[in-house]
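# Report on the structure
Chain residues, written in single-letter form:
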Amino acid sequence: MSQAFVRESEEQWLHDVAPTLPALINYLTRENNGIRVYQKASVFNQQTGKEEYSMSNGFSYAKDMDGKWQIVT
């Protein structure tokens, strides 16, 4: 494969996404082959003290202690 088609800078990990909901939605939409991912609900988890966001892709996300996105299990 030609190097012209490979862009290493396009690779991004969840923990590299800016700690904003619009940035998370943009990242998840890109990872979902351009199919829009949206927020279905948000709940404050009293056990963890964090806001958790349920998304249309079936996963929930929250920010860790460093403000980086993570999947909630």
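Structure: see above.
Residues numbered from 1 in each chain as written. Predicted model: local features only at pLDDT ≥ 70, side-chain atom pairs only at ≥ 80, totals over all residues. Heavy atoms only, no water.

### Here's the deal with the pairing of strand 4 (residues 69-72)
Regular strands have side chains that alternate between both faces of the sheet. Across four bridges, strand 3 (residues 60-63) lies against strand 4 in antiparallel orientation. Considered in strand 4, the bridge of Tyr61 is made with Ile71. (Pairing = 2+ DSSP bridges. Helix = DSSP H or I, 4+ residues; strand = E, 2+ residues; numbered from the N terminus.)

### Some details on the side chain of Glu52
For Glu52, the position within the fold is in strand 2 (residues 50-55). Buried charge without a salt bridge: Glu52, with Lys50 as the nearest opposite-charge side chain at an N-O distance of 7.8 Å. Other than its neighbours up to four places away in sequence, Glu52 contacts Ala41, Ser42, Val43, Asn45, Tyr61, Ala62 and Val72. (Buried < 20%, exposed > 50% of the residue type's maximum accessible area, 1.4 Å probe, protein only. Lys, Arg positive; Asp, Glu negative; His and termini not counted. Salt bridge = Lys/Arg side-chain N within 4 Å of Asp/Glu carboxyl O. Contact = heavy atoms within 4.5 Å.)

### Here's the deal with the packing of aromatic side chains
Applying the stated criterion across every chain, the model contains one aromatic pair. Relative to Trp69, the ring of Tyr53 has its centre 5.8 Å away and its plane inclined at 70°; by these criteria the two rings are edge-to-face. One end of the pair, Tyr53, is in strand 2; the other, Trp69, is in strand 4, with 16 residues separating them in the sequence. With a relative accessible area of 16%, Tyr53 lands in the buried category. Using a relative accessible area of 3% as the deciding quantity, one classes Trp69 as buried. (Phe/Tyr/Trp six-rings, centres within 6.5 Å; stacked < 30°, edge-to-face > 60°.)

Nothing here speaks to function; it is all geometry.
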